[in-house]
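# Fold and contact review
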Amino acid sequence: KILIPWRRRKAATQGKSLGEQLWSHGKSKCCSIQQWDSDEPIPPSELRAGVAGKDGLLCLLSDRIDKEVLDAAGPTLKVISTLSVGYDHLAIPEIKKRGIRVGYTPDILTDATAELTVALLLTTSRRLTESAVEVKNGGWTTWKPLWMCGYGLSGSTVGIIGLGRIGEAVAHRLKPFGVQKFLYAGRHPKPEADVELGAEFVPLNKLAEESDFVIVTCSLTPESQGMCSRDFFCKMKKTSVFINTSRGAVVNQDDLYEALVNGHIAAAGLDVTTPEPLPADSPLLSLKNCVILPHIGSATYATRNKMSVLAANNLLAGLKGESMPSELRL
Ligand code: NDP
Ligand code: DGY
């Protein structure tokens, strides 16, 4: 028995979507499926009720799988498959304690997310949304030497917080723009990246002080939570641009707002926020020098389709006691 807490629907492209994969297995009596048939997130109480007695759970990053959900599931739950590479929404110590296996979707979304990160960086640093608005509202009166000027990548220093799969893919895409130097901060140095990218592993403070662009692509953990706060922003250059495509909680948003308003940094681009969705009255939305996207890093049809198939296959393999295509090592 499986619970899928989101809507059954056809994929927008060819290939088998997650629903189709699982439903075809369901028809062949591999498993019986209960699905939350809505695009809105399943309410926690419905999730707890639905997961009771299930063997498998297919969840989204917006579903918090905490102790209460695991208790409600009971001892039958063997596998959790998440449609994401990030797993900060899963209570990993509790899951591990119960011997539950976890599947996730690394690698296949790296290209799409790296591409979006580069797009967000250029949009923010070259003031694309602000400029496009001026064209529509009559603000474009004539060509003016310093109007809508921003910051370019050529000859710049780019600092990446979390040089993992996505961080490295971002760096490879940015190198041809003429970046002079890559700095990175994280838990461990990466000797291969040092060679391939000429990147330097540095303490977070040095990264903040020396980077023209700071890009956050780390995972959200208790250590990285709130890592980019007032102290960090104050160390950044006044002309620097801050980009976050990891998780909103890595950033202290009040401190980021202050840094943007007080000119401690030039601009910020966020694909992730706290909370999500960001309320329409968030002060960040009032700023011209802050570009905010609705968590669309992996949002290409092909990528979401691959993620769906992988998540389905992870779940099915886990239920059969086989090795999963992408299992999180707990
Ligand atoms: P990886 O595991 O390959 O990379 C994560 C990186 O984070 C690692 O390099 C790790 O460093 C680093 N890291 C962990 N803790 C810290 C810390 N305290 N300080 C600095 N760095 C740290 O994952 P991916 O690259 O595949 O994905 C990264 C994250 O991106 C996901 O966890 C997810 O939250 C987010 N994401 C967002 C998307 C979006 O739509 N915006 C799409 C996909 C992912 P080390 O190697 O040294 O341990
Ligand atoms: C992830 O996979 O963690 C993203 O945030 C969505 O693709």
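Our structure's up above, just so we're on the same page.
The rules behind these values
Residue positions within a chain follow its written sequence, with the count starting from 1. Each chain takes a letter, starting from A, and each ligand takes a number, starting from 1, following the order in which they are written. For a predicted model such as this one, the threshold for reporting local features is a pLDDT of at least 70, and the threshold for listing and counting side-chain atom pairs is 80 or more; totals across whole chains, interfaces and linings nevertheless cover every residue. By convention in this description, side-chain values take in all heavy atoms of the structure and omit both hydrogens and water. Here the rule is simple: two strands pair whenever DSSP picks up at least two bridges between them. Numbering goes from the N terminus for both helices and strands, where a helix is a DSSP run of H or I of at least four residues and a strand is a run of E of at least two. For helices, the axis comes from a line fit to the C-alpha atoms of the stretch in contact; other axes are also lines fit to C-alpha atoms, and the angle between any two N-to-C directions lies between 0 and 180 degrees. Note on contacts: a residue pair qualifies if any of its non-hydrogen atoms lie within 4.5 Å across the two residues. Whether a residue is buried, partly exposed or exposed follows from its accessible area with a 1.4 Å probe, protein chains only, as a fraction of its type maximum: under 20%, in between, or over 50%, in that order. The term salt bridge refers to a side-chain nitrogen of Lys or Arg lying within 4 Å of a carboxyl oxygen of Asp or Glu.

## Observations regarding the sheet that holds strand E2 (residues 33–35)
Judged by pairing direction, the sheet is parallel, and its 5 strands sit side by side in the order E2-E1-E3-E4-E5 without closing on themselves. Edge positions in the sheet fall to E2 and strand E5 (101–103), since each of these pairs with one other strand and no more. Averaged over neighbouring strand pairs, the angle between their axes works out to 15° when direction is ignored. Pairing between strand E3 (residues 56–59) and strand E4 (residues 79–82): 4 bridges, direction parallel. Of the residues in E4, the one forming a bridge with leucine 57 is isoleucine 80. Helix H2 (residues 44–51) contacts strand E1 (2–4), E2 and E3 of the sheet and is inclined by roughly 160° relative to E1. Most of the contacts of helix H12 (residues 301–319) go to E4, to which it runs at about 170°, and overall it touches E1, E3, E4 and E5.

## A few points about helix H7 (residues 165–174)
A turn of α-helix holds 3.6 residues, and therefore any two residues three or four places apart point the same way. Looking only at H7, the buried set comprises Ile166, Gly167, Ala169, Val170, Ala171 and Leu174. Buried-residue contacts for H7 involve helix H5 (110–125), strand E6 (157–161), strand E7 (181–185), helix H8 (191–197) and strand E9 (213–216).

## Re the pattern of salt bridges
Applying the stated rule across the entire model yields 17 salt bridges. A salt bridge links lysine 181 to glutamate 200; the nearest nitrogen and oxygen atoms lie 2.8 Å apart. Of this pair, lysine 181 sits in strand E7 while glutamate 200 sits in strand E8 (residues 199–201), placing them 19 residues apart in sequence. The class for glutamate 200 is partly exposed, based on a relative accessible area of 30%. Several salt bridges converge on common partners, so that one network encompasses Lys67, Asp71, Glu94, Lys97 and Arg98.

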